[in-house]
Amino acid sequence: MSEKDHKVSRRQFLSYTLTGVGGFMAAGILMPMVRFALDPALKAGAAGEGDMLYVCDVDELTDQPKKFPWKFEQVDSWYTSTVKSEAYIYLDGEDIVALSSICTHLGCTVSYEEAKKEFLCPCHGGRFEQDGKNIAGTPPTRPLDVFDVKVEEGKVYLGEKKRRG
Ligand code: FES
């Protein structure tokens, strides 16, 4: 082959370049759309969804909310990640109550103040009663979410988080 056969014209060069850049940009636009379309199918097998996970023993609980963290493996298609969660759990007579620690205003993490028997949110001064009800006059407009609770052989398992109010 002669050197002349290998030459690429300006028109061909521009055509190849624009095709490559255009293809790259199209892939960048289409990939999130495909991912969005497949998302429910990918999430169907995620660990933790609908499962009841062991969090603590009944013996560890009192009538004061106590924070219990836990974590689980979440499989999202080819990607496995460790998800951390936590709940404030306490005894309400015979019942066990597990409250989410996520403020219902804008999602900050609340902490329990035993002296006041209230949950306080540091972000905007949100306050909740011990049972998770939002205190009027503070930013949150609904109570803390609650987890489904199951007890088996003295062990406390938490499930889905549910919205109240
Ligand atoms: S996020 Fe809790 S009060 Fe705003």
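These numbers were taken from a predicted model, which means no experiment stands behind them.

Rules used throughout
- Residues numbered from 1 in each chain as written.
- Predicted model: local features only at pLDDT ≥ 70, side-chain atom pairs only at ≥ 80, totals over all residues.
- Heavy atoms only, no water.
- Core = buried A, V, L, I, M, F, W, Y, C linked by side-chain atoms within 4.5 Å.
- Buried < 20%, exposed > 50% of the residue type's maximum accessible area, 1.4 Å probe, protein only.
- Helix = DSSP H or I, 4+ residues; strand = E, 2+ residues; numbered from the N terminus.
- Contact = heavy atoms within 4.5 Å.
- Patch = residues over 30% accessible without salt bridge, like charges linked within 9 Å, V, L, I, M, F, W, Y side chains within 5 Å.
- Areas by Shrake-Rupley, 256 points an atom, 1.4 Å probe, with all protein chains shown as cover.
- Salt bridge = Lys/Arg side-chain N within 4 Å of Asp/Glu carboxyl O.

(A) Layout of the nonpolar core. One finds Val55, Cys56, Leu61, Trp70, Ala87, Ile89 and Leu158 to be the most contacted residues of the largest nonpolar core, which totals 13 residues. Of all the secondary structure elements, the ones that give two or more residues to this core are strand E1 (53-57), strand E2 (66-76), strand E3 (79-92), strand E4 (95-100) and strand E9 (155-162). For this core, the element with the most residues is E2, which contributes 3 residues. When near neighbours in sequence (up to four residues on either side) are disregarded, Leu158 contacts Asp51, Met52, Leu53, Val55, Trp70, Ala87, Ile89, Ala98, Phe147, Asp148 and Val149. Counting 12 residues, the second largest nonpolar core, distinct from the first, contains Cys103, Val110, Tyr112 and Phe119.

(B) Examining a nonpolar patch on the surface more closely. On the surface, Val8, Phe13, Leu14, Tyr16 and Leu18 cluster together to form a nonpolar patch covering roughly 560 Å² of accessible area. For Tyr16, the position within the fold is in helix H2 (residues 10-43).

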